[in-house]
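The residues making up each chain are set out below.
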Amino acid sequence: MTEDTPPVLPPSFMALFAEAGRLKPNQPREFIQQRYGFCEDLANLLVDTARAKHWELQVTQADVLARIHAGLVAGAIEITEPEAAWVGRRLAELLGWEDFLPPAPA
């Protein structure tokens, strides 16, 4: 893939930017591409951390993912809750763990 070729954005990520019942995203493609790059990089960066925490804490995979999700939405970085949930699901996929189901909003 060259720099002139935009990355293919997964439908699961595009869905974060579409209102219910609509196909057209509510943000420009360039913005969505930037956010996707950030979230994909973040998920990849968290792989080793998740493995280490799973081993160190001796907790379930779901608990590791929930703790990482909680840390993401705590506000230290600029990430929306839907993006953080997507990162959790992508992280689970990268690790070969069961799909992450984020907690329901309070």
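Note that the coordinates shown come from a computational prediction; the quantities given were computed from them, not determined experimentally.

Enquirer: Help me understand helix H4 (residues 81-95) in this model?
Expert: Because an α-helix packs 3.6 residues into every turn, residues spaced three or four apart end up facing the same way. When the terminal C-alpha atoms of H4 are compared, their 21 Å separation across 15 residues agrees well with the 21 Å that a helix rising 1.5 Å per residue should span. All of the buried residues along H4 are Glu83, Ala84, Ala85, Trp86, Val87, Gly88, Arg90, Leu91, Ala92 and Leu95. Tucked into the core, H4 has its buried residues touching helix H1 (11-14), helix H2 (29-57) and helix H3 (61-73). Immediately beyond the C-terminal end of H4, within one or two residues, lies glycine 96, with a positive phi of roughly 75 degrees.

Enquirer: Is there a simple way to explain the packing of aromatic side chains in this structure?
Expert: How two aromatic rings sit relative to each other is set out by the distance from centre to centre and by the angle between their planes. Evaluation of the coordinates by the stated rule reveals 5 aromatic pairs. A ring pair is formed by phenylalanine 13 and phenylalanine 17, whose centres lie 5.5 Å apart and whose planes are at 50 degrees; its orientation type is tilted. The class of phenylalanine 17 is buried, set by a relative accessible area of 8%. Consider the rings of phenylalanine 17 and phenylalanine 31, whose centres lie 6.0 Å apart with planes at 85 degrees: the pair is edge-to-face. On the criterion of sequence distance, the pair formed by phenylalanine 17 in the loop between H1 and H2 and phenylalanine 31 in helix H2 is long-range, its members being 14 residues apart. On the basis of relative accessible area, phenylalanine 31 is assigned to the partly exposed category, the value being 35%. Three or more aromatic residues joined by ring pairs form one cluster here, namely Phe13, Phe17, Phe31, Tyr36 and Trp86.

Reading the values: the criteria
- Residues numbered from 1 in each chain as written.
- Predicted model: local features only at pLDDT ≥ 70, side-chain atom pairs only at ≥ 80, totals over all residues.
- Heavy atoms only, no water.
- Helix = DSSP H or I, 4+ residues; strand = E, 2+ residues; numbered from the N terminus.
- Expected span 1.5 Å × (residues − 1).
- Buried < 20%, exposed > 50% of the residue type's maximum accessible area, 1.4 Å probe, protein only.
- Contact = heavy atoms within 4.5 Å.
- Phe/Tyr/Trp six-rings, centres within 6.5 Å; stacked < 30°, edge-to-face > 60°.

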